[in-house]
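The lines below spell out each chain.
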There are 2 protein chains.
Amino acid sequence: MATPSGKPARLSPKPGVSANKISQRLLASTSPKRGSQNAPIKQKDKTAGQNEALSKVRIVDAAIEQIDRNGLMGFSLRDVARTLGVYPAAVYWHVPTRDALLAAVVESTMEDVAPPLGKGTWQDWFRELFSRYRKAVKRHPNVAQLVGAQLVSNGSLSPQMIDRILSMLVSAGCDESKIVEMYNVVVATMVGFVTLEYASLPSDDPANWAAQLQEKTHAIRALEFPTLARHLPAMANKAFIVRWQSGTDAPMDSSFVAFIEVAIAGMEQVLSRQ
Amino acid sequence: MATPSGKPARLSPKPGVSANKISQRLLASTSPKRGSQNAPIKQKDKTAGQNEALSKVRIVDAAIEQIDRNGLMGFSLRDVARTLGVYPAAVYWHVPTRDALLAAVVESTMEDVAPPLGKGTWQDWFRELFSRYRKAVKRHPNVAQLVGAQLVSNGSLSPQMIDRILSMLVSAGCDESKIVEMYNVVVATMVGFVTLEYASLPSDDPANWAAQLQEKTHAIRALEFPTLARHLPAMANKAFIVRWQSGTDAPMDSSFVAFIEVAIAGMEQVLSRQ
DNA sequence: ACCTGAACACCGTTCAAGT
DNA sequence: ACCTGAACACCGTTCAAGT
């Protein structure tokens, strides 16, 4: 009845979902999958509007739509092709690989995060930058993981954003010798919290998973971990590691604010010390 | 010759690698894959040592080894089974799913990150925590993405670490009403930078990819982005978004130090204000 | 209790051939 | 130039059956 892994050996038959890879489930949220067979279904009716010429933008849009609906887990080139009514190979004419497509998705998601170089304080500018980034991710939360992984080293290289961050650091009085370090601090701050906040849950079966995690939570020995035990009620589903919903369903607004205030206060401090 | 996506329509035949999913390539580093067929190759010789009874720990260890060698991309249940000389289904007796296995990998990677509650300052304790976390990730860099995604909301719930972080915050004078927020700040700080630093590169062909990115970099219009242009030499391969190696090959030590100093200075500031 | 052997329903990618 | 149609080499997962 119970396997060594402590779970029932097999649950319900689980029909079409099956297969997949890497962070897939880890990063995923939910997703059905009504599988059609092989050949694409050409829909000639105007209602669907699926018969304009295929193009990279149409493909990227379809990909985003699919990721929004089904999570990263629900994403596959073949499915995108299916919803566009073409063969998978057709997609390959416009996009060299699956991951190039995902890179394009990231790029599209990240348009216009960097605020213009107005006349406020540098502190306010960075606050605005961080908030805008978060809003951009919020619009397509299931893309969050991609962004985190991609933004680091990627063709989604937005020179404008980089230039503005550097300019702002200069006008914040950052020493030229420290500017690369501080730039990295800014980017890590921008991306770090939000990536975690919107990291999606591992399970196919969120309800069950939440229940299990709550179990585990209640099983914590109050004597061994008194501080944790004391704060548990306040932390439940509101603190990293002790939550069972992602930022989509349980936003962490106040913690985000705290995070950026810490970051900015820290930057003030470090910049004034140099 | 050139497709709309601006890349050659098809490169070299690309033999066995093929297929895969999600962040796969995004998170991956490199990986061959010498494919055996279907049935596992039983090796009865002692040298390989592959004939002890199958068990969850052996499976997890094999998984880690494989991820270290081939990247997350090179990871598959079937491959793990292959190296253990058993059928894929055998693995399923010990581990309920692929992602449960990856969760176990994370858990194993994250052992003992939280330092004991010694007698130093709270500042030093957090410095130590952040450094230990980074070292743990460094040991198995290809697991970094998993950790980032998992640690947030996961069965890798380590009550001890949480308890210690909370205790430290209390003794740092953190107001009880702000403790959850500050805890989240700490976790995001711990995980954020390092996850980005070790995020792996998208390409199957890192050399080519690096070249392309350098091209793109040189193509930046100096007139349009003067600050960026000025600092480009200092940033190349050392700054997020403008690098073509991951933390494994190009560690970002000084930026990491700057990051945690900013974080700690910020925490001092915020804690003293409340 | 633990594993084999085979099957199922998917993948990403390639490639000749059509239009 | 753009897409079809089919194939190739993989996946994760299930399930009866063996031992």
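The preceding data block contains the structure.
In short, a report on the structure. If you're wondering where the values come from, they're calculated on a predicted model, not measured in any experiment.

1. Focus on the pattern of salt bridges
Logical step 1: The final tally for this structure, using the stated rule, is 19 salt bridges over all chains.
Logical step 2: Note that Arg-69 of chain A is salt-bridged to Glu-65 of chain A, the shortest N-O span being 3.6 Å. Taken together, the residues span about one helical turn, with Arg-69 of chain A and Glu-65 of chain A both in helix H2 (residues 56-70) at a distance of 4 residues.
Logical step 3: Classification of Arg-69 of chain A by relative accessible area gives partly exposed; the value is 48%.
Logical step 4: Among the salt bridges present, the one from Arg-134 of chain B reaches Glu-197 of chain B, with a minimum N-O distance of 2.7 Å. One end of the pair, Arg-134 of chain B, is in helix H6 (residues 122-139); the other, Glu-197 of chain B, is in helix H9 (residues 179-197), and 63 residues separate them in sequence. Neither Arg-134 of chain B nor Glu-197 of chain B differs from the other in exposure class; each is buried.

2. Concerning empty space enclosed by the protein
Logical step 1: Evaluation of the coordinates by the stated rule reveals 6 cavities of 30 Å³ or more.
Logical step 2: When its volume is computed, the second largest cavity comes out at roughly 60 Å³.
Logical step 3: Every residue along the wall of the second largest cavity is listed here: Val-185, Thr-189, Phe-259, Val-262 and Ala-263 of chain A together with Thr-189, Phe-259, Val-262 and Ala-263 of chain B.
Logical step 4: For the lining of the second largest cavity, the elements supplying multiple residues, two or more each, are helix H9 (179-197) and helix H12 (253-273) of chain A together with helix H12 (253-273) of chain B.
Logical step 5: When the residues that make up the lining of the second largest cavity are grouped by side-chain class, the tally is 7 nonpolar, 2 polar and no charged.

About the criteria used
Residues numbered from 1 in each chain as written. Chains lettered and ligands numbered in written order. Predicted model: local features only at pLDDT ≥ 70, side-chain atom pairs only at ≥ 80, totals over all residues. Heavy atoms only, no water. Salt bridge = Lys/Arg side-chain N within 4 Å of Asp/Glu carboxyl O. Helix = DSSP H or I, 4+ residues; strand = E, 2+ residues; numbered from the N terminus. Buried < 20%, exposed > 50% of the residue type's maximum accessible area, 1.4 Å probe, protein only. 1 Å grid on protein atoms, 1.4 Å probe; cavity = no way out; pocket = protein on both sides within 12 Å on 5 of 7 lines; lining within 4 Å. Points joined across faces, edges and corners; volume = space filled by probe spheres on them. Nonpolar A, V, L, I, M, F, W, Y, C, P; charged D, E, K, R; others polar.

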